[in-house]
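For reference, the chains in residue letters:
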Amino acid sequence: MKALARELNYIPNEAARHFKLNRTSTLGLIVPDILDQYYAFAANGVEAAAEEKGYHVMLAQSREDEQKEERIIDLMIRNRVDGVVAAISKTRTDMAPYQKLLSIGIPVVCIGREPATPEFDFVSSDNMEGGRLATDFLIRQGHRHIAHLRGPEGMRTGNARYEGYKLALQQHGIPLREELVEVVDFSREHTEAALARMLALEVPPTAVFAFKNYMALDGIAFLKKYHPQLVEAMPFTGFGNLPILDYLDHKPAASIEESSHEMGLEAARQLFSRIREGEGGEQSARSIQLPCKLVVHV
């Protein structure tokens, strides 16, 4: 039969074979924005791990829209993906759409942003330690009035970075000034408004730790336009050692390197582990924190 198949140039029906095996050799990957280099590198990591296993990756962007995110999940169910790696949208607290995946035997690994409920595997950088490193660097540069641009309300990643900020202040005996902490969404307008308010204080900040370096770059652009005398005097730190920083004249003083490519690799490996385990009953969720490091820009 094999010889006859070769003679007739027979190509196996992949859909039928996958149906029989109950596998499609496809992973789903949901990210907020593929233009964000953090998620682009993470996607590369997921894809590299998938290729090693002979898997394809179905990539979709939620654009931080929870309804779109849910439509993507339904699409992935219809296409019978074997598992999903997801960076959940920034405001998501209802994990029911992802719980639906688990209930029908599709494992989920969350990446970067911590899920609101504990049943999901989660891979991230050590956000609290990264926040401590970023703030400690500014303190060692002689700053005691350090502003912090936090992530959106409810985002656990932002909470962890804020805890690292507070820990660094405590370790150096510096009182926390609540008026120097501002919850900011990811828009330039919100970042600018936060900095304008804090710079109007009687004792304004002299340095800024931002949730991510895109915020830091928006802040630096704001200073260049409205407070040019502060551009060189007010250093920023933030998460995300973006390659483009090497080409900028004005950049953050230091960045937290998160190694999102490694994060994507590890998330895919955890997903393949869950796929191999199948429906072996309830198991404890795994939480993996990858080390991050401070990169000083010169």
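Conventions and cut-offs
- Residues numbered from 1 in each chain as written.
- Predicted model: local features only at pLDDT ≥ 70, side-chain atom pairs only at ≥ 80, totals over all residues.
- Heavy atoms only, no water.
- Helix = DSSP H or I, 4+ residues; strand = E, 2+ residues; numbered from the N terminus.
- Buried < 20%, exposed > 50% of the residue type's maximum accessible area, 1.4 Å probe, protein only.
- Contact = heavy atoms within 4.5 Å.
- Areas by Shrake-Rupley, 256 points an atom, 1.4 Å probe, with all protein chains shown as cover.
- Lys, Arg positive; Asp, Glu negative; His and termini not counted.
- Charge placed at Lys NZ, Arg CZ, Asp CG, Glu CD.
- Core = buried A, V, L, I, M, F, W, Y, C linked by side-chain atoms within 4.5 Å.
- Axes fitted to C-alpha atoms, helices over the stretch in contact; angles between N-to-C directions.
- Parallel < 35°, antiparallel > 145°, perpendicular 65-115°, else oblique.
- Left-handed = near helix turned anticlockwise from the far one by under 90°.
- Nonpolar A, V, L, I, M, F, W, Y, C, P; charged D, E, K, R; others polar.

Asker: Help me understand the overall build of the protein chain, please; the structure alone is not making it clear to me.
Answerer: When helices and strands are counted, the protein chain shows 10 helices and 12 strands. For the C-alpha atoms alone, the extent of the protein chain along its principal axes is close to 85 × 40 × 30 Å. Counting over 298 residues, the protein chain shows a buried share of 48%. In the protein chain, the proportion of contacts linking residues at least 24 apart, taken out of those at least 6 apart, comes to 72%. Carbon and sulfur atoms form 52% of the exposed surface of the protein chain, whose accessible area is close to 14900 Å². One finds the centroid of the 34 positive side-chain charges in the protein chain at a distance of 4 Å from the centroid of its 41 negative side-chain charges.

Asker: I tried to follow the nonpolar core on my own but got confused; where do I start?
Answerer: Considering soluble globular proteins, one finds that nonpolar side chains tend to be buried as a cluster. Core analysis: the largest hydrophobic core is formed by 38 residues, its most contacted members being Leu 149, Tyr 165, Met 198, Val 208, Leu 223 and Phe 236. Of all the secondary structure elements, the ones that give two or more residues to this core are α6 (127-140), β6 (146-150), α7 (156-171), α8 (188-199), β8 (207-210), α9 (213-226), β9 (236-239) and β10 (254-257). Formed by 24 residues, the second largest nonpolar core is a distinct cluster that contains Ala 50, Ala 87, Met 263 and Ala 267.

Asker: Any chance you could explain the packing of α8 against α9 here in plain terms?
Answerer: Packed helix pairs are characterised by how far apart their axes lie and by the angle those axes make with each other. It is at 9 Å that the axes of α8 and α9 come closest, and there the two elements cross at 60 degrees. As summarised for this structure, α8 and α9 are arranged oblique, according to the angle between their axes. Once α8 is placed against α9, the crossing between them reads as right-handed. Residues Arg 188, Thr 191, Glu 192, Leu 195, Ala 196 and Leu 199 of α8 form the contact with α9, whose own contacting residues are Met 215, Asp 218, Gly 219, Phe 222 and Leu 223. When its residues are assigned to classes, the contact of α8 with α9 shows 6 nonpolar, 2 polar and 3 charged.

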